[in-house]
Amino acid sequence: MMSALGFFGRALLARPRFAVGYAIVALVVLAALFAPWVAPYSPVEANPNEFLELPSRAHLFGTDAVGMDIFSRAITAPRIDLTIAILGTLLSSVVGTALGALVGFYSVGRGPKVWLSFAVMRAADVLQAFPVFVFAIALVAALGQSIETVVLAIAFVNMPIYLRLMRSQVLSIRAMRYVEAAKVAGVSDATTIRRHIIPNAIAPVLAQLSINVGWGILLTSALSFVGAGVRAPTPEWGSMISMGFQNVVTGQWWPSVFPGLSLAITVFGFSLVGASIEMLSDPARRQTLAQEMERRNARAAARQLVKAGI
Amino acid sequence: MRVARYLLQRLAFVLPQLVGIVLVSFLLVKSIPGDPAVLMLGPTATPDAIAGLRSQMGLDQPLYWQFLLYLDHLAHGDLGTSWQTTRPVLEDLIQRFPATLELVTYSLILAILVGMALGIASALNPKGWVGRLADVYGLSAGALPDFWFALVLIFVFYTLAHWAPAPLGRLDISVLAPQPVTGFMTIDTLLAGDFEAFRSAVAHLVLPVLTLGLINAGPIMKMTQSSMEKMLTSDASRYEELCGIPQRLVTRHALRNALPSIVTIISVLYGYLIGGAVLVEIVFSWGGAGQYAVQGVLNSDIYPVLGFVLFSAIFSLLVYIIVDLVYVLVDPRISH
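Because the structure is a prediction, the values reported are computed rather than measured.

Rules behind the numbers
Residues numbered from 1 in each chain as written. Chains lettered and ligands numbered in written order. Predicted model: local features only at pLDDT ≥ 70, side-chain atom pairs only at ≥ 80, totals over all residues. Heavy atoms only, no water. Helix = DSSP H or I, 4+ residues; strand = E, 2+ residues; numbered from the N terminus. Contact = heavy atoms within 4.5 Å. Areas by Shrake-Rupley, 256 points an atom, 1.4 Å probe, with all protein chains shown as cover. Lys, Arg positive; Asp, Glu negative; His and termini not counted. Charge placed at Lys NZ, Arg CZ, Asp CG, Glu CD. Buried < 20%, exposed > 50% of the residue type's maximum accessible area, 1.4 Å probe, protein only. Patch = residues over 30% accessible without salt bridge, like charges linked within 9 Å, V, L, I, M, F, W, Y side chains within 5 Å. Salt bridge = Lys/Arg side-chain N within 4 Å of Asp/Glu carboxyl O. Polar contact = N/O pair within 3.5 Å; in protein donor to acceptor, adjacent residues only side chain to side chain. Phe/Tyr/Trp six-rings, centres within 6.5 Å; stacked < 30°, edge-to-face > 60°. Lys NZ or Arg CZ within 6 Å of the ring centre and 35° of its normal. Axes fitted to C-alpha atoms, helices over the stretch in contact; angles between N-to-C directions. Parallel < 35°, antiparallel > 145°, perpendicular 65-115°, else oblique. Nonpolar A, V, L, I, M, F, W, Y, C, P; charged D, E, K, R; others polar. Expected span 1.5 Å × (residues − 1). Bend = angle between axes of the 7 residues up to and from the residue.

(A) Molecular detail of the overall build of chain A. From N to C terminus, chain A includes 12 helices and 0 strands. Along chain A, helices and strands appear, N-terminal first, in the series α-α-α-α-α-α-α-α-α-α-α-α. In terms of overall dimensions, chain A has a C-alpha envelope of 75 × 75 × 30 Å along the principal axes. Partitioning the contacts of chain A with sequence separation of at least 6, the portion at a separation of at least 24 is 70%. Accessible surface, chain A: about 15300 Å² in total, of which carbon and sulfur atoms supply 67%. Here chain A contributes 24 positively and 15 negatively charged side chains, and the mean placements of these two sets differ by 16 Å.

Here is the structure:
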């Protein structure tokens, strides 16, 4: 028997793309943790004598229009972006998964719980019919511009995804014999949902988590780009891109390009991690991968035998 | 007959949903702080003047009454007045919505071309370099912030190469806008026979369309790839291959069967892009409907926001209904 961790490690070796994803995520998390000790300059203090300087050894990514060091700001930004995206994703997934499990469990038959489930689904329809970005800005504007409201906006926008995902999972699982058996054995609904349904339905939700953290970062930066999210001079990728907007048009590319690249690479990393979780949590695809690795090992062993024979 | 019954069924679901959307957005934008009466009259207004305007706008009424009033106005085709442009929202939207629609439509066409071509090619050869390229393209297209990608394109093609015009609207400032007929700049200029204006309109479309098209090709590609792969490995396709039918024909038949799911994702994307193009509109000063709504939110101008949400919701619903209708007419399996 191979251990789960060993399998995971060898799966990463077999799919180097996924290893890249994990490396990017690790790097971004490290930057968020240690930026204050690594950054060569203060991320919020301007040096008016050194504005719009080209990338150089003193300023790796150059300086922006007011003279702040772009490298220091770009590596400090994940502190805000990552925190907002992770909190928003966690909030939406916890609420969405719980609601989705209930709605899925009580979707057939009669009674007030079933009507309530129907109402929740129609509310989700309405929520999803909104233009996402306009809805998010309106929410931030209504609740007052702050980090907490951006978190709430991300949670609101993503909740229907988890709701639907969990509901469709539960719909297929609730027809299983073991759920029926639990009912016959007199297990309460709450215990059945908690002990038997959620653990068997959770895998696709986990894959969605990582992908959604990436989307959360994109939404946070988009809100900040139009001035409805995190305010300058707090280091945040979207607001940095927005500050450099005019400079790009006149030829100074670095104030916008570097934060945008950091942002894109980060989201790319989280998508890769999500894709790897999706593959590893799918038993069929995991088996294909295991077979592929086995064949590879067998070929390597055969090659060694041939070599030894010669 | 069948179609009529289907439409009636759909409308029965759609109308309550529309009312729900209007209700939620009404409550949302009403809770945005900032008194429109104060903003309209400016800082020098007397309290009496503000109170007068408030009662004239119905702002002194209870919230549920204001909502009913709004619904009543809606039923008469009145979407309220924007205090920023001081024009009826309906007029503003009729002017701006086609701008967004033109941008989004061309972007979607580009996204379909790129997405379906890459998707089909990678489904035919998943292990080859096209398949790998498609995988990486799908992941990175989803990771790029569109507003940043637009900026990079502007830098390369406007600032450096001078190939593209300045990102300031839909036409050069020196070019006279044609008489609006369809609202699509490319069509109106041709109708007016003004080829210089047509060239200018196309030139202004290139960069925003590239931005939105290349980024949104990702989901179309993924859907094409997965449903084509499923169809190509199906028993029907294998049987055709066994019978010695040429690969081109097998592929074409598989595509025909994969089309419904591809069309579905395209229709969802069309509706999404109406609101999703906002940031690109802002970067290119496009003057579209999304930009109008965002300005509304940022300046406590609520009627443009409500009008935009309503317009885009109705547009999405129309697209879905048309797509469903096409299915009903084309696919014999669904009609029963």
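(B) Examining the overall build of chain B more closely. The secondary structure content of chain B amounts to 14 helices and 0 strands. Counting helices and strands in the order they occur from the N terminus, chain B gives α-α-α-α-α-α-α-α-α-α-α-α-α-α. Here chain B holds 336 residues, and the buried ones make up 47% of them. Counting only contacts in chain B whose residues sit at least 6 apart along the sequence, the fraction spanning at least 24 positions is 72%.

(C) Focus on a nonpolar patch on the surface. Residues Val29, Leu30, Leu33, Phe34, Trp37 and Val38 of chain A make up a contiguous nonpolar surface patch of roughly 630 Å² in combined accessible area. By the secondary structure assignment, Val29 of chain A is in helix 2 (residues 16–38).

(D) Molecular detail of the interface of chain B and chain A. With 37 residues of chain B in contact, the opposing surface of chain A contributes 37 residues. At the boundary of chain B and chain A, one finds 1 salt bridge. Of the charged contacts, one joins Asp135 of chain B and Arg17 of chain A as a salt bridge, the two residues approaching to 3.5 Å between their closest N and O atoms. Our count for the chain B to chain A interface comes out at 4 residue pairs in polar contact (both at pLDDT 80 or more).

(E) Layout of the packing of aromatic side chains. Enumeration over the complete set of coordinates arrives at 17 aromatic pairs over all chains. Ring plane angle 20° and centroid distance 5.9 Å describe the contact between Tyr70 of chain B and Tyr303 of chain B, whose orientation is recorded as stacked. Pair noted here: Tyr70 of chain B is in helix 4 (residues 63–75) and Tyr303 of chain B is in helix 14 (residues 302–330), with a separation of 233 residues, a long-range link. Of the two residues, Tyr70 of chain B and Tyr303 of chain B, neither departs from the other in class, the shared state being buried. Each residue in the set Phe61, Phe71, Trp253, Trp254 and Phe258 of chain A is aromatic and connected to the rest through ring pairs, giving one cluster. When the ring centre of Phe118 of chain A is taken as reference, the NZ or CZ atom of Arg122 of chain A above it lies at 4.7 Å.

(F) Up close: the packing of helix 3 (residues 70–105) of chain A against helix 10 (residues 237–250) of chain A. Residue and element names in this part refer to chain A. Two elements in contact, helix 3 and helix 10, have axes whose closest approach is 8 Å; the angle formed by their N-to-C orientations is 140°. Judged by the angle between their axes, helix 3 and helix 10 are oblique. Across from Ile70, Arg73, Ala74, Ala77, Pro78 and Asp81 in helix 3, the residues of helix 10 making contact are Trp237, Met240 and Met243. Its residues assigned to classes, the contact of helix 3 with helix 10 shows 7 nonpolar, no polar and 2 charged.

(G) Spotlight on the environment of His196 of chain A. Residue and element names in this part refer to chain A. Here His196 shows up in helix 8 (residues 189–201). Distance in space between the C-alpha atoms of His196 and Arg174 is 9.3 Å, their sequence separation being 22 residues. Aside from chain neighbours lying at most four places away, what touches His196 is Tyr178, Ala182 and Thr191.

(H) Just the packing of helix 7 (residues 177–184) of chain A against helix 8 of chain A, in detail. Residue and element names in this part refer to chain A. Interhelical geometry of helix 7 versus helix 8 gives an angle of 175° and a closest axis separation of 11 Å. Classified by the angle their axes make, helix 7 and helix 8 are roughly antiparallel. Every residue of helix 8 that contacts helix 7 at Tyr178, Val179 and Ala182 is listed here: Thr192, His196, Ile197 and Asn200. For the contact of helix 7 with helix 8, a count of residues per class yields 4 nonpolar, 3 polar and no charged.

(I) Looking closely at helix 6 (residues 129–143) of chain B. For helix 6 of chain B, spanning 15 residues, the distance from its first C-alpha to its last is 21 Å, which sits close to the expected 21 Å at 1.5 Å a residue. Residues of helix 6 of chain B that are buried: Val130, Gly131, Ala134, Gly138, Leu139, Ala141 and Ala143 of chain B. Where the residues of helix 6 of chain B are buried, they touch helix 2, helix 9 (203–225) and helix 11 (254–280) of chain A together with helix 5 (89–124) and helix 9 (195–232) of chain B.

(J) Structural detail: unusual backbone geometry. Positive phi is not limited to glycine here, since Leu52 of chain A has a value of about 50°. Following the sequence through the fold, Leu52 of chain A ends up in the loop between helix 2 and helix 3. The phi torsion at Ser300 of chain B lies on the positive side, around 50°, for a residue other than glycine. Position of Ser300 of chain B among the secondary structure elements: in the loop between helix 13 (289–298) and helix 14.

(K) Looking closely at helix 6 (residues 147–173) of chain A. Look at helix 6 of chain A: 38 Å from first C-alpha to last across 27 residues, which is about the 39 Å you get at 1.5 Å a residue. Of all the bends in helix 6 of chain A, the greatest reaches close to 35° and is centred on Asn158 of chain A; the proline Pro160 of chain A follows between one and four positions later.

(L) Examining the pattern of salt bridges more closely. One pass over the full model with this rule turns up 6 salt bridges over all chains. Among the salt bridges present, the one from Asp92 of chain B reaches Arg87 of chain B, with a minimum N-O distance of 2.7 Å. Take Asp92 of chain B: its relative accessible area is 0%, and that puts it in the buried class. In the salt-bridge network here, residues are joined through shared partners; they are Arg122, Asp125 and Arg164 of chain A.

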